[in-house]
Amino acid sequence: TACSSKFVLSQVHPMWQEPLAIPGGDRQSPIDIVERKSVFDSKLKPLVTNYDPKTCQQIWNNGYSFLVEYDDTTDKSTLKGGPLQDQFRLCQFHFHWGECNSWGSEHTVDRRLFPAELHLVHWNADKYNLFEEAVVEDNGLAVIGVFLKIGKRHEGLQKLVDALPVIRHKDSVVEFTKFDPACLLPPNIDDYWTYHGSLTTPPLTEAVTWIVMKQHIEVSHDQLAVFRSLLFTAAEEEVQKSMVNNFRGTQPLRGRTVRSSFT
Ligand SMILES: NS(=O)(=O)N=C1NCCCN1
Ligand SMILES: [Zn+2]
């Protein structure tokens, strides 16, 4: 199959139709992070996350990925520091993955692909009142990206994996509480790359300060296989399509500099 050989990724059909015109279009995401071209910035501070598991509300299948949503009506689960000037609120996290372990991540590092990528999505609560307002502002959003590799079972992830069969179809939702997203971060969150880019799924707006962790996390083969049991399609649709390859291809760097918090 495509997965066994060193398959040319271009044969994989991205899951959504790329729009013809993109707003601005010179700071799109994801990108290939070329390690030796990233510029160390000693002024980058450590990232400060302060997540309250009590703000975890639900998990649902939106037809692109599955997402865990948090109550972002107060400053309970926040992100600050790193490259950020303001305090951001966590609104949701989700993943992107492939049909097999050869690909699936959105960002690449020196063209290296990972089997999956976690995105923790935050919006600038010092400047805006709602995610929907922040999503069109160039300093509106901050997304933490974490690469996943196949290895030992991730105990913290299992609670989430166990909920997936209940939300197999698009638009299904189930209550999901007391989940601490910090358990999905790698041990060392001080080493990251950061650059200005966009959302990688619609509305693709160029509002994101990306913070991509250098350290990956490990999940088991079986845990990632459950991600692939999800469906893009709603229950009533005749033809069911498995939710795989829900990643966007890398976009032109267009002269941007990727900074690193480490040498
Ligand atoms: N993959 S991504 O860049 O996080 N894209 C998103 N689009 C809609 C809102 C949340 N995130
Ligand atoms: Zn994403």
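The model shown is predicted, which means the values in this text are computed figures rather than measured ones.

(A) Inspection of unusual backbone geometry at higher detail. A cis amide bond links Ser29 to the next residue, Pro30, at an omega of 0°. By the element assignment, Pro30 lies in the segment before strand S1 (32–33). The peptide bond linking Pro202 to Pro203 adopts the cis configuration, its omega dihedral lying at 15°. Looking at the element boundaries, Pro203 is found in the loop between strand S12 (192–197) and strand S13 (208–213). We note that Leu204 has phi near 60°; this positive angle belongs to a residue other than glycine.

(B) Just a negative patch on the surface, in detail. Residues Glu132, Glu133, Glu137 and Asp138 make up a contiguous surface patch of negative charge. Within the element layout of this structure, Glu137 appears in the loop between helix H1 (131–134) and strand S10 (141–150). Judged by its relative accessible area of 30%, Glu137 falls in the partly exposed class.

(C) Here's a closer look at the nonpolar core. Core analysis: the largest hydrophobic core is formed by 44 residues, its most contacted members being Phe66, Phe93, Phe95, Trp97, Ile144 and Leu160. Among the elements that take part in this core, strand S7 (residues 88–97) stands out by supplying five residues, more than any other. Residues Val121, Tyr128, Val135 and Val258 belong to the second largest nonpolar core, which totals 23 residues.

(D) Region of the structure containing the coordination of the zinc ion (ligand 2). With distances of 2.0 Å, the protein atoms coordinating the zinc ion (ligand 2) are His94 (NE2), His96 (NE2) and His119 (ND1). Coordination geometry of the zinc ion (ligand 2): the four donor atoms subtend angles of 98 to 117° at the metal centre, consistent with an arrangement described as tetrahedral.

(E) Main features of the pattern of salt bridges. Applying the stated rule across the entire model yields eight salt bridges. For Asp32, the salt bridge is made with Arg111, and the minimal N-O distance between the two is 3.8 Å. Note that Asp32 is positioned in strand S1 and Arg111 in the loop between strand S8 (108–109) and strand S9 (116–124), a separation of 79 residues in sequence. A salt bridge links Asp86 to Lys127, with the shortest nitrogen-to-oxygen separation between them at 2.8 Å. On the criterion of sequence distance, the pair formed by Asp86 in the loop between strand S6 (78–81) and S7 and Lys127 in the loop between S9 and H1 is long-range, its members being 41 residues apart. What you see here is one network of salt bridges that share partners, running through Asp41, Lys43 and Arg259.

(F) Seen up close, the pairing of S6. Alignment of strand S3 (residues 47–50) against S6, held across four bridges, turns out to be antiparallel. Looking at the pairing, Asn50 lines up with Thr78 of S6. With two bridges connecting them, S6 and S7 associate as antiparallel partners. Residue pairing for S7: Thr78 is matched across the bridge by Arg89.

What counts, and where the lines are drawn
- All residue numbers refer to position in the chain's written sequence, counted from 1.
- For naming, the first written chain is A and the first written ligand is 1, with later ones following in the order written.
- Note on the predicted model: pLDDT of at least 70 is required for a residue's local features to be given, and 80 or more for side-chain atom pairs to be given and counted; whole-chain, interface and lining totals, by contrast, use all residues.
- Derived side-chain values reflect all non-hydrogen atoms in the structure, with water molecules and hydrogen atoms excluded from consideration.
- Segments assigned H or I by DSSP are reported as helices when at least four residues long, segments assigned E as strands when at least two residues long, and all are numbered from the N terminus.
- Patch definition: residues above 30% relative accessible area lacking any salt bridge, with like charges linked at up to 9 Å and the nonpolar side chains Val, Leu, Ile, Met, Phe, Trp and Tyr linked at up to 5 Å.
- To be clear on the numbers: accessible area is Shrake-Rupley with a 1.4 Å probe, and residue cover counts the displayed protein chains and nothing else.
- Throughout this description, the term salt bridge denotes a Lys or Arg side-chain nitrogen within 4 Å of a carboxyl oxygen of Asp or Glu.
- Positive charge is attributed to Lys and Arg, negative charge to Asp and Glu, and no charge count is given to His or to the chain ends.
- To locate a charge, the coordinates of NZ of Lys, CZ of Arg, CG of Asp or CD of Glu are taken.
- With a 1.4 Å probe rolled over the protein chains alone, any residue whose accessible area is under 20% of its type maximum counts as buried; one over 50% counts as exposed, and the rest are partly exposed.
- Nine residue types can take part in a nonpolar core, namely buried Ala, Val, Leu, Ile, Met, Phe, Trp, Tyr and Cys, and a core is a set of them joined through side-chain atoms within 4.5 Å.
- Note that water is not among the atoms used; donors are N, O and S atoms within 2.8 Å of the metal (3.2 Å for Na, K and Ca), so sites may look incomplete.
- Four donors are marked tetrahedral only if all angles between them lie between 85 and 135 degrees, whereas four are marked square planar and six octahedral if opposite donors are more than 155 degrees apart and the other angles lie between 65 and 115; the remainder are marked irregular.
- Two strands are said to pair when DSSP picks up at least two bridges between them.

It is worth stressing that arrangement in space is one thing and function is another; only the former is reported here.
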